Protein chains: 2
Amino acid sequence: MGVNSNRVEDFSSHRITTESVMPGMEIHTVCLSPQKTTLQKLKQRLSEIFFPDDPLYRFKNQTWRKKLLLGLQFLFPIFQWAPEYRLKLLRSDIISGLTIASLAIPQGISYAKLANLPPIVGLYSSFVPPLIYAILGSSSHLAVGPVSIASLIMGSMLSETVSPKDEPILYLKLAFTATFFAGLFQASLGLLRLGFIIDFLSKANLVGFMSGAAVIVSLQQLKGLLGISHFTSKMQFIPVMSSVFKHRDEASGLLKCKEAFWSWQTIVMGFSFLVFMLTTRHISMKRAKLFWLSAAAPLTSVILSTLLVFCLRSKTHEISFIGHLPKGLNPPSANMLYFSGPDLELAIKTGIVTGILSLTEGISVGRTFAALKNYQVDGNKEMMAIGLMNMAGSCSSCFVTTGSFSRSAVNYNAGAQTAVSNIVMATAVLAAYRLWKVDKLDFLACMCSFFGVLFISVPLGLGIAVGVSVFKILLHVTRPNSLIMGNIKGTQIYHSLSRYKEASRVPSFLILAIESPIYFANSTYLQERILRWIREEDEWVKENDGSPLKCIILDMTAVTAIDTSGIDFLCELRKMLEERSLQLVLANPVGSVMEKLHQSEMLDSFGLNGVYLAVGEAVADISALWKSKPDFPKDCNETRPCIETKR
Amino acid sequence: MGVNSNRVEDFSSHRITTESVMPGMEIHTVCLSPQKTTLQKLKQRLSEIFFPDDPLYRFKNQTWRKKLLLGLQFLFPIFQWAPEYRLKLLRSDIISGLTIASLAIPQGISYAKLANLPPIVGLYSSFVPPLIYAILGSSSHLAVGPVSIASLIMGSMLSETVSPKDEPILYLKLAFTATFFAGLFQASLGLLRLGFIIDFLSKANLVGFMSGAAVIVSLQQLKGLLGISHFTSKMQFIPVMSSVFKHRDEASGLLKCKEAFWSWQTIVMGFSFLVFMLTTRHISMKRAKLFWLSAAAPLTSVILSTLLVFCLRSKTHEISFIGHLPKGLNPPSANMLYFSGPDLELAIKTGIVTGILSLTEGISVGRTFAALKNYQVDGNKEMMAIGLMNMAGSCSSCFVTTGSFSRSAVNYNAGAQTAVSNIVMATAVLAAYRLWKVDKLDFLACMCSFFGVLFISVPLGLGIAVGVSVFKILLHVTRPNSLIMGNIKGTQIYHSLSRYKEASRVPSFLILAIESPIYFANSTYLQERILRWIREEDEWVKENDGSPLKCIILDMTAVTAIDTSGIDFLCELRKMLEERSLQLVLANPVGSVMEKLHQSEMLDSFGLNGVYLAVGEAVADISALWKSKPDFPKDCNETRPCIETKR
């Protein structure tokens, strides 16, 4: 590293010369970052990737016993809050508990039906997982249970291969196995600290995806609401709508289409309860104190309708009902898990898709409430909690569960704080409009996932959503902004000419800011674009009789990284400009870029006047040199040839 | 947009107040970019994506007739150089032509064998495509013909499904069809100006991929060199090496492995010519004037060995030879193209893979020579030329061709300029070492594609290579750098504390630079990281008895873009900090970020003291306010609540 320190000294000795040319003007040298070995760098990089929040900071400088206690609290948050639990919290907790329970019964039944599972599995799933989350979870507002979208997708993916009617036992086994793999996948993401994977489902994607899924869930309800007996097993918009209006009689063997049969008794009953629930919801949205009204309405509907059907059961057979539910707590189901055989792949695939979805929902719900109460939720710990909860659930007759938005909102309200749902539950349309207003590409991502889910399929919709997000990033990287900067009079500040009218061109200089890392993916574009900037500047100079271009300054402030293609780009650009007698100078390269320039020996090839700390200093220093040596670029530029490697 | 102009006026009026507090200090306002409609923005964005080089700039301000001529020259570069062609160029062109031709014959034969095609197809492929490229192509040094890697992959992909021995006609048809689709794909990429897609094969990937492919190509030559009759049809390292040493006797029906049969006559002949060619190559590398020696050696070898085999043909049957070649020029083959049937998918897939590969090779070779002679190659135009050449080739009995490195190097040398190959042909090992030195992730990408090609399969190796490149970009976006900045004494310059020892902390301020766009993919990480910076700063203050933290300044210079998740992040961060009585201030947001902040009404919520043009101005202004109003953050911060939209 002797070369490096020489280099820095060279710089400073040169600066002294310049200072003598322009007294009073102090020019600063550009430093390299402190030297680190490859191992140190790797360690730092990996700790940024996997431990950005430095989860062990609490353990620093603690006694051995304290460390043990902290470790226990870290693994099982219940040890943190249980000792501090006060009896006066008990009352409000009982109220919230009862309110959630009244919501859990109808939700459990209907979500189990979405997944083509027996209703009792939905009820079981509202019992064991919350207990496990209470021990492991770090959010105090998250209410756990089955959720609509994960249930829907599990039902749709499994029933494509196995019919829940013909092979109910196999179907149930597959559902528990998929739940197990969902849990395993979630817990391993947390354990491997790969939480950032779910960040790739951006908010824009989620808005579109959730809205599409909500439409599909509502469409599926048409079957029950209209009392249609022969309903499609498909999920997409078109088959569902066509089976609402047409009935393809498969039993007769002929493909005759006739009008679908709607049961008027079911319709009357369905719509009455729908109106009832919407009314209670409306009331509780107006008056925050009556929040329990909307929470209790579903259970009331269930009880009322059960009574009604019980009374009418001799009169009508057209209202279908669920039937008897077995008694007792969750039976064990570990023996029903399924680790071999032809359908294992299906179970794993379903597990991963539902696992990602329920994780995304659970964590975003947890974060939403954490933000409202100003505490932080540890994403990786939450993943492990949700994952272990699902693995345990799969052994006790539960299907996929996660933090549910509706239950958590009720939970939060039941704490009698404020009507959160009013603030938080912005409608999808409003959210989409905001996306349109702020970021058109986000809006596009949102629409893609919405229509993908609605018309193609749920997993493919999810795939499209992620694809659009990644494409958006890549597009930004492939076509970065570059702009001409000018000096703001009387200052050392340089800013965009097109944005600031007070900024003015510096004669003989072209100052370009590149607003992106320089990568293989954009180095060709940047070369073309910069040569075009120079061509346009030349034309401008000709038209306006300005002083001819002599020096190009690249402002590297926003070039946060560079790779080998980027370095080759700089090297080639410099060579091209040299042939046109133009000087290329870099201003303010950041630490990592400086380091790579040094490692690739580009720093040496840039010579003494190649790198400055700020645009202002570059302009001052080079202008001063020009004044003292009029034929400067050819005379004084002690550069060495670039060392290039090509195929 | 009245709100906006009011806002800007608010800013300036506020600044005047501040100036009165600190006379002589001028504070600048942050502007929005000039207003543009969505359509204008879309137009600008699209033109940056598809026309970065502004290809029509030549046509501006020209007469109608001149425009026509320029258009013709634009489409057919031959109209540009043909009128300027001078007879004295003819001599050197004839020499180069003959030299290339002497290389083309052995290359054509051996590459056709790599693709499992009749040798005559390789010769045909050296005739028609160069003619078409001469009319359409823009590089004057690119020599066109079949290349090893594309031939190898075409052979490997097609023979997986169709055996070239058992169904030679079908195989030939598929090869021409694949060539047609390769051309179609290349030409459409050029026509749609999607040239940037090949930029995703970074140099690092290419080094690894090409080295891996070169090893495979050499291994395939072992068959001919050792005279092995029963050779595996697979491409990977392990099956090839095992079939070199063991012979699995499939004819006997038993899976007996015995030692492979090597023909000593073939070995002697093969190694003699190998030594001959290496010697001539060595001589011509030492003396640039003797370049023709190495170029002529392959043809000489072919002629000598043909004579030798002809003389010895009664004595030995162990040297296999190609046999008779048909006479005449390229026969038409348009009737052999194959646009329906079960193997169409295979042909399309093969076409796309070989199309991408040959395009990448052709364009990078073209760019290399263009850089040496300091002219520019238009990527999209080149793609169209190469694509049309392959489409025409597929109708005249040619298989995939592109710009070949070895031929172009000979071509360049034959112009008697300098021994380019010495400069350009750095060995793969050297290139890999440079990658390791400069960028470890680039090295990883290189190794991944090398071993992927060698041990898995060529198309998958290509896929892995692209995957690693994309992953590298995503990793950089997901875990951006953030660093604490300090003031360099006596200046308005703020720089990294860890890099510049002269930089020192500003009491009560925490100045953080974020070195990346703020996206959905990193907003969660950034929130965690910034809260950690603050926690660490608080600890530092406690340990060193510093003045307590009052204000966080985010230097947004390198935040080149923001999306809706990013805006939510800023909003949430500000709320969290407010609860801790900390002020959040943005310094120097770039144009596009400023615009999005404005559109999302974040600018309003940030209040009057929220956004500054430079870190220095923010520090000066806020310190001055603190002096005049000691309880400033609570008293004077006229902020409005963030408008948030959540699920």
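Residues numbered from 1 in each chain as written. Chains lettered and ligands numbered in written order. Predicted model: local features only at pLDDT ≥ 70, side-chain atom pairs only at ≥ 80, totals over all residues.

Note the cut-off: UniProt positions are given in the numbering used here, feature names are shortened, and annotations may be inferred rather than shown by experiment.
Labelled according to an unreviewed UniProt entry, chain A appears under the name STAS domain-containing protein, originating from Salix udensis. UniProt's Subcellular location (unreviewed entry) comment on chain A is quoted here verbatim: "Membrane".

## Section: the overall build of chain A
Spelled out, the test is: A run of H or I in DSSP becomes a helix once it reaches four residues, and a run of E becomes a strand once it reaches two; helices and strands are each numbered from the N terminus. Here a residue counts as buried when 20 or more other C-beta atoms fall within 10 Å of its C-beta, as exposed when 12 or fewer do, and as partly exposed in between; the C-beta atoms come from the backbone. Contact between two residues is assigned when their C-beta atoms, built from the backbone, lie within 7 Å.
Within chain A, the secondary structure is distributed over 26 helices and eleven strands. Expressed as a percentage of the 647 residues in chain A, the buried residues total 43%. Across chain A, every contact between residues at least 6 apart in sequence was considered, and the portion connecting residues at least 24 apart equals 76%.

## Quick notes on the relation of the copies chain B and chain A
Selection rule: Only residues with pLDDT of at least 70 in both copies contribute their C-alpha atoms to the least-squares superposition of the copies.
In screw terms, the move from chain B to chain A is a rotation of 180° and a rise of 0.0 Å along the axis, fitting with an RMSD of 0.1 Å. When the rotation and shift are considered jointly, the pair of chain copies conforms to a two-fold rotation axis. In terms of proximity to the rotation axis, the leading residue of chain B is Ala-558 of chain B, whose C-alpha is 2.0 Å off the axis.

## Details of the nonpolar core
What counts is decided by this rule: The nonpolar core is taken to be a set of buried Ala, Val, Leu, Ile, Met, Phe, Trp, Tyr and Cys residues joined by way of C-beta atoms within 7 Å.
Membership of the largest hydrophobic core comes to 281 residues, with the highest contact counts inside it found for Ala-175 of chain A together with Ala-175 of chain B. For Ala-175 of chain B, the contacting residues outside a window of four places in its chain are Ala-115, Leu-117, Met-154, Leu-158 and Phe-399 of chain B.

## What about the environment of Asn-481 of chain A?
Summarising the element assignment, Asn-481 of chain A is placed in the loop between helix H20 (458–478) and strand E5 (482–488). Spatially, the C-alpha atom of Asn-481 of chain A lies 9.7 Å from that of Arg-529 of chain A, the residues being 48 residues apart in sequence. For Asn-481 of chain A, the residues in contact, after removing those within four places along its chain, are Glu-515 and Ser-516 of chain A together with Thr-560 of chain B.

## Points about the pairing of strand E5 (residues 482–488) of chain B
Residue and element names in this part refer to chain B. Cut-off, in case you're wondering: For two strands to count as paired, DSSP must find a minimum of two bridges between them.
In this sheet, strand E8 (residues 509–514) lies alongside E5 in antiparallel orientation, the contact comprising four bridges. When the sheet's bridge partners are listed, Ser-482 is paired in E8 with Ile-514. By the bridge criterion, three bridges tie E5 to strand E6 (residues 494–496) in an arrangement that is antiparallel. If you follow Met-485 over to E6, its bridge partner there is Ser-496. Connecting E5 to the antiparallel partner E6 that follows it, the hairpin turn spans five residues, and Gly-490 within it adopts a positive phi of roughly 80°. In this structure, E5 lies alongside strand E7 (residues 503–504), joined through two bridges in antiparallel fashion. If you follow Ile-488 over to E7, its bridge partner there is Ala-503.

## Let's talk about the domain arrangement of chain A
Our working definition: Residue ranges assigned to the domains are those given by an automatic or database domain assignment.
For chain A, the domain assignment lists domain 1 (92–227 + 320–472) and domain 2 (480–636). Between domain 1 of chain A and domain 2 of chain A, the C-alpha centre-to-centre distance is 52 Å.

## Here's the deal with helix H5 (residues 87–114) of chain B
Put simply, the rule reads: To estimate how far a helix should reach, multiply one less than its number of residues by 1.5 Å. Each residue is assigned a bend, namely the angle between axes fitted to the seven residues that terminate at it and the seven residues that start at it.
Taking 1.5 Å of rise per residue, the 28 residues of H5 of chain B would be expected to cover 40 Å, and the 39 Å separating its terminal C-alpha atoms lies within 8% of that figure. Within H5 of chain B, the axis deviates most sharply at Ala-104 of chain B, by approximately 30°, and proline Pro-106 of chain B lies no more than four positions further along.

## Considerations on the environment of Val-377 of chain A
All names here are of chain A. With respect to the helices, strands and loops of the structure, Val-377 is situated in the loop between helix H14 (344–372) and helix H15 (379–394). The buried category is assigned to Val-377, around which 21 C-beta atoms lie within 10 Å. Separated by 253 residues in the primary sequence, Val-377 and Tyr-124 place their C-alpha atoms 27 Å from one another.

## Let's talk about the interface of chain B and chain A
The test is simple: Under the scheme applied here, ten amino acids are nonpolar (Ala, Val, Leu, Ile, Met, Phe, Trp, Tyr, Cys and Pro), four are charged (Asp, Glu, Lys and Arg), and all others, including Gly, are polar.
Contacts between the two partners involve 85 residues from chain B and, on the opposite side, 84 residues from chain A. A breakdown of the residues in the side of chain B that touches chain A according to their chemical character gives 37 nonpolar, 25 polar and 23 charged.

## What to know about unusual backbone geometry
Unusually for a residue other than glycine, Asn-588 of chain A sits at a positive phi of about 55°. Tracing the sequence through the fold places Asn-588 of chain A in the loop between strand E10 (583–587) and helix H23 (591–599). Accessibility expressed as a C-beta count within 10 Å gives 24 for Asn-588 of chain A, which makes it buried. Positioned with a positive phi, Ser-508 of chain B is a non-glycine residue whose angle comes to about 70°. Tracing the backbone through its elements, the reader meets Ser-508 of chain B in the loop between E7 and E8. On the basis of neighbour counts, which here come to 16 C-beta atoms within 10 Å, the residue Ser-508 of chain B falls in the partly exposed class.

## Examining the packing of helix H7 (residues 128–136) of chain B against helix H15 (residues 379–394) of chain B
The description of two helices packed together rests on the angle between their axes and the distance between the axes. Residue and element names in this part refer to chain B. The condition is simple: For helices, the fitted axis covers only the stretch in contact; all axes are lines through C-alpha atoms, and the angles between them, taken along N-to-C directions, range from 0 to 180 degrees. Note on convention: the crossing is left-handed when the near helix lies turned anticlockwise from the far helix by less than a right angle, right-handed when the turn is clockwise.
Two numbers describe how H7 lies on H15: the axes approach to 9 Å, and their chain directions differ by 145°. As for the relative orientation of H7 and H15, their crossing is right-handed in sense. Here H7 contributes Val-128, Pro-129, Ile-132, Tyr-133 and Leu-136 to the contact with H15, which in turn contributes Ala-385, Leu-388, Met-389, Ala-392 and Gly-393. The residue makeup of the contact of H7 with H15, split by class, is nine nonpolar, one polar and no charged.

## Concerning the confidence of the model for chain A
Residues and elements named next belong to chain A. Quick note on the threshold: Summary of the metric used: pLDDT quantifies the predictor's per-residue confidence within the range 0 to 100.
Here chain A averages 77 in pLDDT, and 83% of its residues register 70 or above. The low-confidence segment residues 1–24 (pLDDT under 50) makes 23 contacts with residues lying over four places distant or belonging to another chain. Contacts of residues 633–647 to residues separated by more than four positions or lying in other chains number 37 contacts, the stretch itself having pLDDT below 50. In the predicted assembly, ipTM is 0.73 and pTM is 0.72.

## What to know about the pairing of E10 of chain A
Residues and elements named next belong to chain A. Counting buried positions along E10 gives four out of five residues, so the element sits mostly inside the fold. Relative to E10, strand E9 (residues 551–555) is paired through five bridges, and the arrangement is parallel. Within E10, the residue paired with Ile-552 across the bridge is Leu-584. Across two bridges, the pairing between E10 and strand E11 (residues 611–612) is parallel. Of the residues in E11, the one forming a bridge with Ala-587 is Tyr-612.

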